[in-house]
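Structural features, examined
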Amino acid sequence: MTATAPEHAGPEVRKAAPASPPSGPRSGTVRRSLFRALPVSPAVVLLVLFLAGPIVYCVVIAFTDLQLTGQAQESFVGFDNFTRAFKDEAFLNAVWLTLVFTVLSSLIGQNTLGLALASLMQRASKPVRTLTGGIVVTAWVLPEVVAGFLLYAFFRREGTLNAILDFLHLPSQNWLFTLPILAVSFANVWRGTAFSMLVYSAALNEIPKEVTEAAEVDGASGWRRMWHITLPMIRRSIGTNLMLNTLQTLSVFGLIWVMTRGGPSGKSQTLPLFMYEQAFQNSLIGYGTAVALLLLLIGSLFSVVYLRLLRTEV
């Protein structure tokens with residue numbers, strides 16, 4: 001017969017009941033984080049399915065010899081597509097023309113003209129601002145294909161530009177044949193300047209008038225005020241505008257395709273057109289996808305440079 005502890009035994013005899021886990025502030029923070037993430041979860045799922053998923057699939061394809069026709073099954077080829085690209089003179093020419101097109105039409109054309117228009121519209125009357133803004137924005141909202149046809153009609157041999165030059169008794173030429181990369185760069189400037197103008201107009205409106213008025217009282221000229229006051233104060237807007245314009249310009253396809261189709265002889269064939277030619281005209285999906293990843297890498301390098309510039313304090 002076993003002995004049991006008496007009811008009056010002290011606490012050292014009785015067994016302590018297991019303590020329940022405390023619901024401290026950490027568990028409450030986790031619940032709040034999950035609750036806050038719940039509304040954005042559908043958007044995250046859509047991004048994974050329709051953005052991250054295709055990107056991962058393209059990365060896989062870039063390392064294969066996948067073709068549209070004449071192939072039963074693709075095989076893994078490693079870095080052969082990338083090595084082939086850097087040995088291909090047509091690819092190197094497309095890289096060079098892409099950089100020229102981006103610098104001329106985005107970094108110089110859209111950025112400079114947009115800033116100039118925004119500065120002039122600050123001093124213009126309301127009717128002039130309305131008319132100028134309407135004309136510039138109309139070119140921006142036009143579909144890319146429509147804008148391409150308009151500029152093709154402007155630059156072609158029997159087009160508007162040569163008609164104006166003939167009227168002024170100036171020499172004319174086939175601009176789409178002699179200077180195709182300049183023609184498509186001008187077309188991109190004409191179509192995309194409105195975005196830069198709107199960005200800089202908003203930035204200039206945020207500059208306190210007291211600052212510019214004080215500079216005028218001190219005798220600073222318009223150029224000195226622009227260089228020493230306006231540009232430093234809108235530096236972040238300049239960096240943001242350059243980054244967005246550069247990424248958009250790197251991916252321009254329809255405008256150039258409608259005007260020149262990359263010709264003549266590849267003189268206006270940028271990377272998006274070269275990628276399209278290899279993937280869908282030559283049926284080399286693997287090689288074309290590798291070119292697309294290299295284009296993505298170029299855009300990433302531009303973005304890194306701009307983001308580092310944006311972090312720098314004035």
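Residues numbered from 1 in each chain as written. Predicted model: local features only at pLDDT ≥ 70, side-chain atom pairs only at ≥ 80, totals over all residues. Heavy atoms only, no water.

1. Observations regarding the overall build of the protein chain
The condition that has to hold: Secondary structure elements follow DSSP: runs of H or I no shorter than four residues count as helices, runs of E no shorter than two count as strands, and numbering proceeds from the N terminus. The rule is simple: take the accessible area with a 1.4 Å probe, protein chains only, and divide by the maximum for that residue type; under 20% is buried, over 50% is exposed, in between is partly exposed.
A tally of regular secondary structure across the protein chain gives 15 helices and 0 strands. The proportion of buried residues among the 314 residues of the protein chain is 37%.

2. Focus on the environment of Leu161
Along the chain, the position of Leu161 falls in helix 7 (residues 160-167). The spatial distance from the C-alpha of Leu161 to the C-alpha of Gln173 is 9.4 Å, given a sequence separation of 12 residues.

3. Some thoughts on the pattern of salt bridges
To keep it simple, the criterion reads: Salt bridges are defined as contacts in which a side-chain nitrogen from Lys or Arg sits within 4 Å of a carboxyl oxygen from Asp or Glu.
Applying the stated rule across the entire model yields 1 salt bridge. In this structure, the salt-bridge partner of Arg156 is Glu158, at a minimum N-O distance of 3.5 Å.

4. Focus on the packing of helix 4 (residues 89-123) against helix 9 (residues 180-205)
Selection rule: Fitted lines through C-alpha atoms serve as axes, helices being fitted only where they are in contact, and the angles separating the N-to-C directions of these axes extend from 0 to 180 degrees. In these notes the angle categories are as follows: under 35 degrees is roughly parallel, over 145 is roughly antiparallel, 65 to 115 is roughly perpendicular, and the rest is oblique. By convention, the crossing between two helices is left-handed when the near helix turns anticlockwise from the far helix through less than a right angle, and right-handed when the turn is clockwise. Note on residue classes: Ala, Val, Leu, Ile, Met, Phe, Trp, Tyr, Cys and Pro are nonpolar, Asp, Glu, Lys and Arg are charged, and everything else, Gly too, is polar.
Where helix 4 contacts helix 9, the axes come no closer than 6 Å and their chain directions differ by 40 degrees. Overall, the two elements helix 4 and helix 9 adopt an arrangement that is oblique. As helix 4 runs across helix 9, the sense of the crossing is right-handed. Here the contact of helix 4 with helix 9 is composed, by residue class, of 16 nonpolar, 14 polar and no charged.

5. Structural notes on the confidence of the model for the protein chain
The cut-off we apply is this: pLDDT expresses how confident the predictor is about each individual residue, on a scale running from 0 to 100. By definition in these notes, contact holds between two residues if any of their heavy atoms fall within 4.5 Å.
For the protein chain, the mean per-residue pLDDT works out to 84, and 89% of the residues sit at or above 70. Across residues 1-6, where pLDDT falls below 50, the model places 1 contact with residues more than four positions away in sequence or in other chains.

6. Quick look at helix 4
Think of an α-helix as 3.6 residues a turn; residues three or four steps apart then line up on the same face. Counted only if it meets this: Under the convention used throughout, the expected extent of a helix is 1.5 Å for every residue step, that is, one less than its residue count. Two axes are fitted around each residue, one to the seven residues ending there and one to the seven starting there, and the angle between them is reported as the bend at that residue. Counted as a polar contact is a pair of N or O atoms within 3.5 Å, where, for protein atoms, one must be capable of donating a hydrogen and the other of accepting one, and residues adjacent in sequence contribute only when both atoms are in side chains.
With 35 residues, helix 4 ought to run about 51 Å at 1.5 Å a step, and its terminal C-alpha atoms sit 50 Å apart, in line with that. The largest bend along helix 4 reaches roughly 35 degrees and is located at Gly109. Looking at where helix 4 begins, the residue whose side-chain oxygen comes 3.0 Å from the main-chain nitrogen of Ala90 is Asp88.

7. Side note on the nonpolar core
Our working definition: Nine residue types can take part in a nonpolar core, namely buried Ala, Val, Leu, Ile, Met, Phe, Trp, Tyr and Cys, and a core is a set of them joined through side-chain atoms within 4.5 Å.
Within the largest apolar cluster, 20 residues are counted, with the highest numbers of intra-cluster contacts made by Phe101, Phe155, Ile181, Val184, Leu255, Ile256 and Met259. Of all the secondary-structure elements, those providing two or more residues to this core are helix 4, helix 6 (144-155), helix 7, helix 8 (175-178), helix 9 and helix 13 (254-259). Setting aside chain neighbours within four positions, we find Val184 in contact with Phe101, Leu255, Ile256, Met259 and Thr260. Within the second largest apolar cluster, 18 residues are counted, among which are Phe82, Ala94, Tyr287 and Leu293.

8. Examining the side chain of Thr249
You can see Thr249 is positioned in helix 12 (residues 235-250). Classification of Thr249 by relative accessible area gives buried; the value is 1%. When sequence neighbours within four positions are dropped, the list of residues in contact with Thr249 reads Phe101, Thr102, Ser105, Ser106, Gln110 and Asn188.

9. Remarks on the environment of Thr193
With respect to the secondary-structure elements, Thr193 resides in helix 9. In this structure, the C-alpha to C-alpha distance between Thr193 and Ala139, residues 54 residues apart in sequence, is 8.6 Å. Not counting residues within four places of it along the chain, the set of residues in contact with Thr193 comprises Gln110, Leu113, Gly114, Leu117 and Val136.

10. Observations regarding the packing of aromatic side chains
Applicable threshold: In summary, the pairing rule links any two rings of Phe, Tyr or Trp, Trp by its six-membered ring, whose centres are within 6.5 Å, and it sorts them by plane angle into stacked for under 30 degrees, edge-to-face for over 60 and tilted for everything else. A ring has a charge above it when a Lys NZ or an Arg CZ is no more than 6 Å from the ring centre and no more than 35 degrees off the ring normal.
According to the stated counting rule, one finds 16 aromatic pairs in the structure shown. Ring geometry for Phe154 versus Phe155: centroids 5.0 Å apart, planes at 85 degrees, classification edge-to-face. Judged by its relative accessible area of 25%, Phe154 is partly exposed. Phe155 gets classed as buried once you look at its relative accessible area, which sits at 7%. Feature note: the residues Phe63, Phe76, Phe79 and Phe82 constitute an aromatic cluster, connected by ring pairs. The ring of Tyr287 is capped by Arg84, whose NZ or CZ atom sits 4.3 Å from the centre of that ring.

11. Describing the layout of surface pockets
The method is simple in principle: a probe with the dimensions of a water molecule rolls over the atoms, and the space it marks as empty is what remains. Where we set the bar: Here a cavity denotes a set of grid points, spaced 1 Å apart and computed over the protein atoms alone, in which a 1.4 Å probe fits but from which it cannot get out, and a pocket denotes an open set meeting protein on both sides within 12 Å along at least five of seven lines; residues with an atom within 4 Å of a point are reported as lining. Grid points are joined across faces, edges and corners, and a volume is the space filled by probe spheres set on the points.
In this structure, the largest pocket occupies an estimated 470 Å³ of space. Contributing to the lining of the largest pocket are 15 residues, with Gln122, Arg123, Leu204, Thr212 and Thr230 lying nearest its centre. For the lining of the largest pocket, the secondary-structure elements that each account for two or more residues are helix 4, helix 9, helix 10 (209-217) and helix 11 (222-233). Of the residues belonging to the lining of the largest pocket, the class tally is 4 nonpolar, 6 polar and 5 charged. In this structure, the second largest pocket occupies an estimated 270 Å³ of space.

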